[in-house]
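Letter by letter, the chains look like this.
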Amino acid sequence: MAGQTLIPAGDFRTSYAADTTVFPTKTSRNAMIAGIALICFAPHVLNEYSLSLLIQIGIFGIAALGLNIVVGFTGQISIGHAAFFGFGAFTSAYLSNRFAIPVFFCVPLAGVVTAAVGLIFGLPAARLKGLYLAIATLAAQYILLDFFARAEWFTGGSVPASAEPFSIFGYSLRGDKKYFYVVLAYVVVCYLLVTNLMRSRDGRALVAVRDHYLSAEIMGINLTKYRTLSFGLAAFFAGVGGALYAHYNQVVSNEGFGIERSIIFLAMIIIGGLGSIMGTLMGTAFMVLLPESMEWLSVALRDSPIDRFLGLKNNIAFLREMAIGVIIIVFLVFEPDGLAHRWRQIKTYWKLYPFSH
Amino acid sequence: MNTQLLVQLLINGLVVGTLYGVVAMSFVLIYKASQVVNFAQGELLLIGAWVCWWLLTKYQVPFYLGMPITLVFMFVFGIAIQVVILRPMIGEPIISVIMVTIALSTVFSAMMKWMFGVNLQPFPRVFNTQNVNVLGLQVQTVYLMSLAVSLAMIVGMAWFFRLSKYGLAMRATAFNQQVAQSLGISVKSVFAMAWAISATVSAVAGVVVAVVNGVSAGLSAYGVKVFPAAILGGLDSVGGAVLGGIIIGLLENVAHFVDSEYLHWGNLYEIAPFYALIIILMIKPYGLFGTKDIERV
């Protein structure tokens, strides 16, 4: 049935195989391929600034995806994601500088090392209720930040560590235009991996743990294992994202991995939709564009009465911070399922258009 | 071994620790009454301190008047937060509630930076005498005041819980909300009152810290130290929170002593409570006095 209309008007799946495909319809698969093909032209069309925003969306999108696994799918809360992101960045820089490992391998390796570190912090708390994981990750955030400042052999201490540019088989990918494809490739691979994970036994086990941990346990799901697993996966994707971030900027400093960044990661997945894979990307785009659009707004309002009243120029940093908090609250109160839910509603509306009843 | 320094640091630890205890106590109060983990506790401290500072410097209000006004303001403010933001969240998953308090803390701290700037502002002098002689030791008056105020608040809270009628209602609600409601206790107003008291007590702590060290955005760090203290004492034990706070305060200063005398790692004292937190979570997650039936899975 799925092949006959653009958007099917209901669920017509007759087998489990059909129910667990990566793409629900052929149209959605074709649209996705077309979308990726289209975005390949972005470096030739967009200017430097827009391109750098796209790259940021990609990098943070990968890290946010990891957070969505632990928060959205498994129902645990983690407040230390930025520290793992930073750990990935430093690890990748360290590996490529110290051991001369090609950057191509450093990125996934950084993910693995970060996952191992994440497990150290996740293990004690994974045996307990979500609340304790929140507090343990908060501690992880502070301990790792302290470690970054202290371990000069690893991070360079107060001097930022340098990271090699990305290269494949000796062919170096310098500059935004080439790096864009690296990030795009990683985004596609990571998102496909997670989509695939969510239709496997392990993925469904994670969701079962979130929905009702007692029932999940009765069905034979090892709670400790899956909580730890999801936490490790989250740290893995944070590490990969961080590594990409390091090789994008080519320097890694201590700045920008604090609790504010962790809150921004949480905001991304809440705005996008907890437990929605595509929503993660939407939320990331929203959170990357929000501060930028506030910047545009403040430029547009320069010397107007509003500007004089709020003192936009000097206070834009604080106003941004406030906007992040307010947006989180607004979404939690009015749209707890995030942008992904809104998107589904728009699709449902057009599905039956013009006879929506 | 530098005994002089050790004694000094231990006294310091005791003073700071009692303050941690007071803040942890108000944190536990909210958790016990409404099962909300309040990540914005430090910001309540900050707001209280700024409001009092603002009254004292901008309007030249004397301290004995400014302080009660601050407390009344914080009481109303606590109720307002509960009614406007947290009441609609009742029944939502625990993640949403935690996220709301995290978002609140972001909003408040940014708002305070926006309104009052990021620089440390000295607090107007409250006492005329700087030092008092206690048993041959020169102790700063503000330290004594801090200790006295903290102890007074702890005793006041204990009295409130044990002997007052409202405290009884609060304990009943903490025990079982439905049963409390069927006995005619307004659970709604208990929640609001928990936030109001918590905000007020935090504000007192905030003002005390401000008198000692001045006001700055860094004050909200006290809100983060609440977690080691509350977890150590047990998340649902008011007395445990106080003891946990004192232990964490002492631990910090002992770490500082060990660091400056032997290890020379620098900065150890800021991070020691978090190592302690991880260790406690590993071996005794329900803390010293917490209810042991917190489900282990």
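Position numbers for residues start from 1 in each chain and track the written sequence from start to end. Chain labels run from A onward and ligand labels from 1 onward, assigned in the order the entries are written. Local features in this predicted model are restricted to residues whose pLDDT is 70 or higher, and side-chain atom pairs enter the listing and the counts only when it is 80 or higher, whereas totals over whole chains, interfaces and linings include all residues.

Draft legend 1. Representation of the overall build of chain B in the model. Check the secondary structure of chain B and you find 11 helices and two strands. A run of H or I in DSSP becomes a helix once it reaches four residues, and a run of E becomes a strand once it reaches two; helices and strands are each numbered from the N terminus. Taken from N to C terminus, the helices and strands of chain B fall in the order α-α-α-α-β-β-α-α-α-α-α-α-α. As defined in this context, the radius of gyration uses C-alpha atoms, and a globule is described by 2.2 Å times the residue total to the power 0.38. For a compact globule of 297 residues, the expected C-alpha radius of gyration is about 19 Å, and chain B comes in at 19 Å, within 12% of that figure. The dimensions of chain B, computed from C-alpha atoms along their principal axes, are 60 × 50 × 40 Å. Once C-beta atoms are placed from the backbone, each residue is buried if 20 or more other C-beta atoms lie within 10 Å of its own, exposed if 12 or fewer, and partly exposed for counts between those two. For chain B, the proportion of its 297 residues judged to be buried stands at 49%.

Draft legend 2. Geometry of the overall build of chain A. For chain A, the count of helices and strands is 17 helices and four strands. Scaling as 2.2 N^0.38, a compact globule of 357 residues should have a C-alpha radius of gyration of about 21 Å, and chain A matches this with 21 Å. In terms of overall dimensions, chain A has C-alpha extents of about 60 × 55 × 45 Å along its principal axes. Put simply, chain A has 357 residues, and 43% of those count as buried. In chain A, the proportion of contacts linking residues at least 24 apart, taken out of those at least 6 apart, comes to 75%. C-beta atoms are placed from the backbone for every residue, and two residues are taken to be in contact when these atoms lie within 7 Å.

Draft legend 3. Geometry of the confidence of the model for chain B. Averaged over all residues, the pLDDT of chain B is 84; the fraction at 70 or higher stands at 94%. Along the chain, pLDDT gives the predictor's confidence residue by residue, from 0 to 100. Of all the helices and strands in chain B, strand 2 (residues 137–140) of chain B carries the lowest mean pLDDT, 68, while helix 3 (residues 63–86) of chain B carries the highest, 91.

Draft legend 4. A look at the interface of chain B and chain A. Counting from both sides, the interface comprises 34 residues of chain B and, opposite them, 38 residues of chain A. Every element with two or more residues in the side of chain B that touches chain A is listed here: helix 4 (94–116), helix 9 (221–233) and helix 11 (268–283) of chain B. Per element, the largest residue contribution to the side of chain B that touches chain A is 15 residues, and it comes from helix 4 of chain B. Counted by class, the side of chain B that touches chain A contains 28 nonpolar, three polar and three charged residues. Any residue that is not Ala, Val, Leu, Ile, Met, Phe, Trp, Tyr, Cys, Pro, Asp, Glu, Lys or Arg is counted as polar, Gly included; the first ten are nonpolar and the last four charged.

Draft legend 5. Structural view of the environment of Y49 of chain A. All names here are of chain A. Structurally, Y49 can be placed in helix 4 (residues 48–73). Here Y49 falls in the exposed class, since 10 other C-beta atoms lie within 10 Å of it. A C-alpha to C-alpha distance of 9.6 Å links Y49 and D176, two positions 127 residues apart in sequence.

Draft legend 6. Here's a closer look at helix 8 (residues 187–213) of chain B. All names here are of chain B. The first and last C-alpha atoms of helix 8 sit 38 Å apart over 27 residues, in line with the 39 Å expected at 1.5 Å per residue. Among the 27 residues that make up helix 8, 22 are buried, leaving the element largely enclosed by the rest of the structure. The first or second residue beyond helix 8 is G214, which carries a positive phi of 90°. For a helix, the expected span equals 1.5 Å multiplied by the number of residues minus one.

Draft legend 7. Expanded view of the packing of helix 13 (residues 259–272) of chain A against helix 4 of chain B. Under this scheme, a helix contributes an axis fitted over its contacting stretch, all axes are lines through C-alpha atoms, and angles between N-to-C directions fall in the 0 to 180 degree range. For the pair helix 13 of chain A and helix 4 of chain B, interaxial distance at closest approach is 11 Å and the crossing angle is 130°. In terms of axis orientation, helix 13 of chain A runs oblique to helix 4 of chain B. Our pair here, helix 13 of chain A against helix 4 of chain B, has a crossing hand that is left-handed. Residues I263, L266 and I270 of chain A of helix 13 of chain A pack against M99, I102 and T106 of chain B of helix 4 of chain B. Here the residues of the contact of helix 13 of chain A with helix 4 of chain B sort into five nonpolar, one polar and no charged. Relative orientations are named as follows: roughly parallel for angles under 35 degrees, roughly antiparallel for angles over 145 degrees, roughly perpendicular for angles from 65 to 115 degrees, and oblique for any other angle. Left-handed is the label given to a crossing in which the near helix is rotated counterclockwise from the far helix by less than a right angle, and right-handed is the label when the rotation is clockwise.

Draft legend 8. Expanded view of the nonpolar core. Among buried residues, those of type Ala, Val, Leu, Ile, Met, Phe, Trp, Tyr and Cys that are joined through C-beta atoms within 7 Å form a set called a nonpolar core. With 201 residues, the main nonpolar core has M25 and A49 of chain B as its most contacted residues. Dropping the residues within four chain positions of it, A49 of chain B is found in contact with G206, V207, V209, A210, V215 and L219 of chain B.

Draft legend 9. Looking closely at unusual backbone geometry. Residues and elements named next belong to chain B. Non-glycine residue Q35 carries a positive phi angle of around 55°. Mapped onto the elements, Q35 comes out in the loop between helix 1 (3–34) and helix 2 (41–58). Within the chain, Q60 stands out as a residue other than glycine whose phi angle is a positive 55°. Tracing the backbone shows Q60 in the loop between helix 2 and helix 3. Overall, Q60 belongs to the exposed group, with 9 C-beta atoms counted inside 10 Å.

Draft legend 10. Representation of the packing of helix 1 of chain B against helix 5 (residues 141–163) of chain B within the structure. All names here are of chain B. The contact between helix 1 and helix 5 brings their axes to 9 Å, and the two run at 30°. The two elements helix 1 and helix 5 meet at a crossing, and its hand is left-handed. Residues V15, T18, L19, G21, V22 and M25 of helix 1 form the contact with helix 5, whose participating residues are Y143, S146, L147, S150, L151, M153, I154 and M157. Taken together, the residues of the contact of helix 1 with helix 5 break down into 10 nonpolar, four polar and no charged.

Draft legend 11. Spatial organisation of the environment of I271 of chain B. As for its placement among the helices and strands, I271 of chain B is situated in helix 11. Using a count of 20 C-beta atoms within 10 Å as the deciding quantity, one classes I271 of chain B as buried. Along the primary structure I271 of chain B and F63 of chain B are separated by 208 residues, whereas in three dimensions their C-alpha atoms are 35 Å apart. In this structure, I271 of chain B is in contact with Y142, I143 and D146 of chain A, ignoring residues within four places of it in sequence.

Draft legend 12. Quick look at helix 9 of chain B. All names here are of chain B. Compared with the 18 Å implied by 1.5 Å per residue over 13 residues, the 19 Å span of helix 9 between its first and last C-alpha is a close match. Helix 9 sits mainly inside the fold: 11 of its 13 residues count as buried. Among all positions in helix 9, only Y222, G223, K225, V226, F227, P228, A229, A230, I231, L232 and G233 are buried. Where helix 9 terminates, the next one or two residues include G234, which has phi positive at roughly 105°.

Draft legend 13. Spatial organisation of the environment of L133 of chain A. All names here are of chain A. When you line up the elements, L133 lands in helix 7 (residues 130–150). You can call L133 buried: it has 28 C-beta atoms within 10 Å. A sequence separation of 11 residues divides L133 from G122, and the C-alpha atoms of the two residues are 6.9 Å apart.

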